[in-house]
Amino acid sequence: MHARYAKWGLKMLRLKKIAVAFGLVTAAVSMSASVMAADWKGWNIHVTGYPNTVAMDDFARLVKEKTQGRIDLKMYHAGTLGNQSDAIEQVRLGALAIGNFSLGPIGPIAPEANVVSLPFVFSSVEQAFRAMDGEVGQKISDGLEKKGLIALAYHDSGSRSFYNTQKPITEPSDVEGMKVRVMNNDLYSGMITALGGNPSPMAFSEVYQALKTNVVNGAENNFPSYESTGHHEVAGFYSLSQHLIIPECVCINAKIFNDLPAADQKAVREAAQESALLQRKLWSERKVASREKVLASGVKINEIADDQKLAFQAAMEPVHKGFLAKNPELVSLVELIKNTK
Ligand code: BDP
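As a starting point, this report considers the structure included with it. (Residues numbered from 1 in each chain as written. Predicted model: local features only at pLDDT ≥ 70, side-chain atom pairs only at ≥ 80, totals over all residues. Heavy atoms only, no water.)

Details of the sheet that holds strand E3 (residues 98-102)
Okay, step 1: On the basis of which strands lie adjacent, the open sheet formed by 5 strands has the order E2-E1-E3-E10-E4 and mixed pairing. On the outer flanks of this sheet lie strand E2 (71-76) and strand E4 (149-155), each paired with one strand and no other. Looking at each pair of strands side by side, their axes are set apart by 25° on average, direction ignored.
Okay, step 2: Sheet analysis places strand E1 (residues 38-43) next to E2, joined by 6 bridges and oriented parallel. Across the sheet, Trp-40 pairs through a bridge with Leu-73, a residue of E2.
Okay, step 3: Contacting E2, E3, E4 and strand E10 (248-253), helix H2 (residues 51-66) crosses the sheet at an angle of about 165° to E2. (Pairing = 2+ DSSP bridges. Helix = DSSP H or I, 4+ residues; strand = E, 2+ residues; numbered from the N terminus. Axes fitted to C-alpha atoms, helices over the stretch in contact; angles between N-to-C directions. Contact = heavy atoms within 4.5 Å.)

Structure follows, in structure tokens:
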């Protein structure tokens, strides 16, 4: 009898323990819903003070504020979490939640996004943004979403021009035989080959050293990146070819975003769009300041005459042809861009 009671007592004790443990788990679960924030990591390639860096920090602040602390985004700047192509994969996989990406290196995975990497496809930065803020931007966003990325907002990245260590570039034949660094995207390699140069795809962080040691003779970028990386110190000829206008996105992992409650989706989207306005404002100031800074450091900037710009455009035409032959379904998207006033 006694033994039986003891057994029963033991059983009760066990049940009690389980109940206590269960209670604790329930408490932890409800606590995590109300107290613990979702921790997101964000990737950015640029250094302190760069328009994108300032805007992405502002984005993180706004996300926290607008979700009442439910989402805590920590931004990692200056490419500390790796190069851009790897980071794009990390965001697609959800290992990183957010990235501030150029549509350039995204192009190889999302053909719709690749249309912006066709040289001279946009006629000006202003026209590019009219297109991006309309149907063109929507189609590109749809293409990104199919690949697991949602573009919450677009940033300005101005236009890219050639710079090199040797001489002013004034016509296409000046690029002949030059080793030119490009971002990871076959369209850019094709562009340099079409000019008779030797393309060298390379991570952004390696370009300074490559220019300095003559591994490459030149590269291409906008004024703020040319200046913030110090490339102007080692490649002092900047020639205004303005051959590429590549918008940048604040891109989030699609599943992370789609799993959020509607109110948080709205908050995150609004935060991205508000901070993108700040980026565009800071960009318009920085492009002027960077140009002045490189000029003051002794860089020679040269214009390219209109007829020679047309010559560059004609020389790069095979890049368009090759791309559209491979992606005939994108002919209409390119037309849509060209018809944007
Ligand atoms: C800058 C872009 C950055 C690219 C870089 C590059 O903002 O995303 O990584 O060019 O050339 O303008 O790699």
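Following the structure, the description resumes.
Side note on the site of the ligand
Okay, step 1: The full set close to the ligand counts 13 residues, and His-46, Gln-84, Arg-181, Asn-221 and Glu-248 are the nearest of them.
Okay, step 2: Here an oxygen atom of the ligand and a side-chain polar atom of Asn-222 are 3.2 Å apart.
Okay, step 3: Bound to the protein, the ligand loses 98% of the 320 Å² it would expose on its own.
Okay, step 4: Classifying every residue of the shell around the ligand by side-chain character gives 3 nonpolar, 7 polar and 3 charged. (Near = heavy atom within 4 Å. Polar contact = N/O pair within 3.5 Å; in protein donor to acceptor, adjacent residues only side chain to side chain. Areas by Shrake-Rupley, 256 points an atom, 1.4 Å probe, with all protein chains shown as cover. Nonpolar A, V, L, I, M, F, W, Y, C, P; charged D, E, K, R; others polar.)

Some details on the environment of Arg-181
Okay, step 1: Within the element layout of this structure, Arg-181 appears in strand E6 (residues 179-182).
Okay, step 2: For Arg-181, a relative accessible area of 5% translates into the label buried.
Okay, step 3: In this structure the C-alpha to C-alpha distance between Arg-181 and Glu-220, which are 39 residues apart in sequence, comes to 7.3 Å.
Okay, step 4: Leave out the neighbours within four places in its chain, and Arg-181 touches Arg-160, Ser-200, Met-202, Ala-203, Phe-204, Val-207, Val-216, Gly-218, Ala-219 and Glu-220.
Okay, step 5: A polar contact of 2.8 Å, which involves the side chain of Arg-181, links it to the backbone oxygen of Met-202. (Buried < 20%, exposed > 50% of the residue type's maximum accessible area, 1.4 Å probe, protein only.)

Observations concerning the pairing of E1
Okay, step 1: As for the winding sense of the linkage, the β-α-β connection from E1 through H2 to E2 is right-handed.
Okay, step 2: Both E1 and E3 contribute to a ladder of 2 bridges, which runs parallel. Paired with Trp-43 across the bridge in E3 is Gly-99. (Right-handed = clockwise from strand over helix to strand, strands pointing away.)

Considerations on the packing of aromatic side chains
Okay, step 1: In this structure the tally under the stated criterion is 7 aromatic pairs.
Okay, step 2: Seen in terms of ring centroids, Phe-162 and Phe-312 are 6.4 Å apart; in terms of plane orientation they differ by 35°. Their pairing is tilted. Residue Phe-162 is located in strand E5 (residues 160-164), and its partner Phe-312 is located in helix H14 (residues 306-326); the two are separated by 150 residues in the primary sequence. For the residue pair Phe-162 and Phe-312, the accessibility class agrees, reading buried in each case.
Okay, step 3: Consider the rings of Tyr-226 and Tyr-238, whose centres lie 4.8 Å apart with planes at 40°: the pair is tilted. One end of the pair, Tyr-226, is in helix H10 (residues 223-228); the other, Tyr-238, is in strand E9 (residues 237-244), and 12 residues separate them in sequence.
Okay, step 4: Ring pairing ties together the aromatic residues Tyr-163, Phe-223, Tyr-226 and Tyr-238, which thus form one cluster.
Okay, step 5: For the cation-ring pair, Lys-74 lies above Tyr-76, with the distance from its terminal atom to the ring centre recorded as 4.8 Å. (Phe/Tyr/Trp six-rings, centres within 6.5 Å; stacked < 30°, edge-to-face > 60°. Lys NZ or Arg CZ within 6 Å of the ring centre and 35° of its normal.)

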